[in-house]
Amino acid sequence: MAAPGRVATFRLPPLPTIGEIIKLFRLKAQRQLSQNFLLDLRLTDKIVKQAGELKNAHVCEVGPGPGGITRSILSAGVEQLLLIEKDARFIPGLQMLSEAAPGKVRIVHGDILTYKMEKAFPKHLKKDWEDEPPDIHIIGNLPFSVSTPLIIKWLENVSKKDGPFSYGRTQMTLTFQKEVGERLTANPGGKQRSRLSIMAQHLCSVENCFIIPGQAFVPKPKVDVAVVHFTPLVQPKIQQPFELVEKVVRSVFQFRRKYCFRGLETLFPESGRLKRTEQLMMAANVDPTLRPFQLSMSQFRNLCNTYRKMCDEDPSLFVFNYREELKQKKTRNLLKSTTQPEETEEEDQL
């Protein structure tokens, strides 16, 4: 029995080690799925610690694999743990953990990219966006192949306050390839400053917590791994729809080494392109000779706000697709070049 006035801590019963689980169920990391196992429980404990206070919290772990981080989450005394695992080979090992923590673990065999997170947690946990974050956390050692599309998807959810963020400002603690972690947290002027930097930092407080050396994983990846913590902001730094912000930011970074003017040109159709780009940059008060990575968040905000006004005046502008225009132009040129010689041959015969 727990001592009076003290809450009893949850302890997992003796279990096979993660290495033994891997041998027992003949688990092997699949390179095509960019799987890497983390066996050192001191490191999994350190990852979980970055999430903050998890006592009686509700946690969703993405891609638990053989269950290293899962053990650390359960040892932190969570109320409920939802495990979403795409690879069926890991389910039996996770069920063993579920049996060791009765009533605490729910296992879903599915893909996190399509799983409906709006119904993942009890309704009573919901908080207003302006309040402190809810007692809900997302934690995951993500495969490299899924990490970037997944964080972009979740950032869109943050912007729209849906998915796991329909409960409030749900916090995330996730692993990324070291270079991706550096992009997520890069400051203006930094060599890693990118589209990902702007999309993440305008919506969240982003912290690069620590680096895990590649040799800590099995099999050893060619790169080190960054643990990154996200807390959604009460007010986004750019108050425009996610799709509009992403379109402007993607255009700016399309020609990363050139002046930002060159990328912004791709927002406009060929007829009137130069004039409209000049209008955009002048109204946004942005120096056209700055490189994309040199632009500050406030400059991106000005560009997005000005572009929004231009789209309101000309609704066809937002649906304009630069790549589609290029494609059509190439097709026309190709048709021209294939029909021209035939006409010349006919003239020669005549």
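To be clear, the structure that these remarks concern was listed above.
Reading guide: rules and limits
- Residues numbered from 1 in each chain as written.
- Predicted model: local features only at pLDDT ≥ 70, side-chain atom pairs only at ≥ 80, totals over all residues.
- Heavy atoms only, no water.
- Axes fitted to C-alpha atoms, helices over the stretch in contact; angles between N-to-C directions.
- Helix = DSSP H or I, 4+ residues; strand = E, 2+ residues; numbered from the N terminus.
- Left-handed = near helix turned anticlockwise from the far one by under 90°.
- Contact = heavy atoms within 4.5 Å.
- Nonpolar A, V, L, I, M, F, W, Y, C, P; charged D, E, K, R; others polar.
- Buried < 20%, exposed > 50% of the residue type's maximum accessible area, 1.4 Å probe, protein only.
- Polar contact = N/O pair within 3.5 Å; in protein donor to acceptor, adjacent residues only side chain to side chain.
- Pairing = 2+ DSSP bridges.
- Right-handed = clockwise from strand over helix to strand, strands pointing away.
- Salt bridge = Lys/Arg side-chain N within 4 Å of Asp/Glu carboxyl O.
- Phe/Tyr/Trp six-rings, centres within 6.5 Å; stacked < 30°, edge-to-face > 60°.
- Lys NZ or Arg CZ within 6 Å of the ring centre and 35° of its normal.

*Asks:* Mind showing me how you'd approach the packing of helix α8 (residues 242-252) against helix α11 (residues 297-313) here?
*Replies:* Two measures define how a pair of helices packs: the angle their axes make with one another and the distance between the axes. Following both chains from N to C, one finds α8 and α11 inclined at 115°, their axes separated by 10 Å at the closest point. Our pair here, α8 against α11, has a crossing hand that is right-handed. Contacts from L244, V245, K247, V248, V249 and V252 in α8 reach F300, L303, C304, Y307 and R308 in α11. For the contact of α8 with α11, a count of residues per class yields 9 nonpolar, no polar and 2 charged.

*Asks:* Help me understand the side chain of T173 in this model?
*Replies:* Tracing the sequence through the fold places T173 in strand β6 (residues 171-177). For T173, a relative accessible area of 1% corresponds to the buried category. Within polar-contact distance, the side chain of T173 engages the side chain of H229 at 2.9 Å. Apart from residues lying up to four places away in sequence, T173 is in contact with I47, Q50, A51, I138, I139, G140, V227, V228 and H229.

*Asks:* How should I be thinking about the pairing of strand β5 (residues 136-140) in this particular structure?
*Replies:* Along any regular strand, the residues point their side chains to alternate faces of the sheet. β5 sits mainly inside the fold: 5 of its 5 residues count as buried. Judged by which residues are buried, β5 turns out to be covered on both faces: I136, I138 and G140 on one side and H137 and I139 on the other are all buried. Strand direction decides the pairing type here: strand β2 (residues 58-62) and β5, joined by 5 bridges, are parallel. Residue H58 lies in a different strand from β5, and its bridge partner there is I136. Taken together, the 4 bridges between β5 and β6 define a ladder with parallel strand orientation. Of the residues in β6, the one forming a bridge with H137 is Q171. A crossover links β5 with its parallel partner β6, the connecting element being helix α5 (residues 144-160), and its sense is right-handed.

*Asks:* Please clarify how the pattern of salt bridges should be interpreted in this entry.
*Replies:* When the charged atoms of two side chains lie near each other, side chains of opposite charge can form a pair. Summed over all chains, the structure comprises 13 salt bridges. The salt bridge partner of R89 is D87, with a shortest N-O separation of 2.7 Å. Under the relative-accessibility criterion, R89 is labelled partly exposed at 26%. With relative accessibility at 11%, the residue D87 sits in the buried group. Between R308 and D312 there is a salt bridge whose closest N-O contact spans 3.3 Å. You can see R308 and its partner D312 sitting in helix α11, 4 residues apart, about one turn around the helix. One network of salt bridges, with partners in common, ties together E156, K160 and E243.

*Asks:* Could you clarify how one ought to interpret the packing of aromatic side chains in this entry?
*Replies:* Centre-to-centre distance and the angle between the planes together describe a pair of aromatic rings. Tallied over the entire structure, the rule returns 5 aromatic pairs. Measuring from ring centre to ring centre gives 6.1 Å for F176 and F230, while their planes differ by 65°; the resulting arrangement is edge-to-face. Of this pair, F176 sits in strand β6 while F230 sits in strand β9 (residues 225-232), and the two are 54 residues apart along the sequence. Each member of the pair, F176 together with F230, is buried. Between F253 and F300, the ring centres sit 6.0 Å apart and the planes meet at 15°, which makes this aromatic pair stacked. Of this pair, F253 sits in the loop between α8 and α9 (260-264) while F300 sits in helix α11; the two residues are 47 residues apart in sequence, bridging distant segments of the chain. Since its relative accessible area comes to 12%, F253 is described here as buried. Taking relative accessible area as the criterion, F300 reaches 0% and is therefore assigned buried. The residue whose ring lies beneath R89 is F90, and the NZ or CZ to ring-centre distance is 5.1 Å. Its guanidinium or amino end placed over the ring of F255, R262 lies 4.3 Å from that ring's centre, counting from NZ or CZ.

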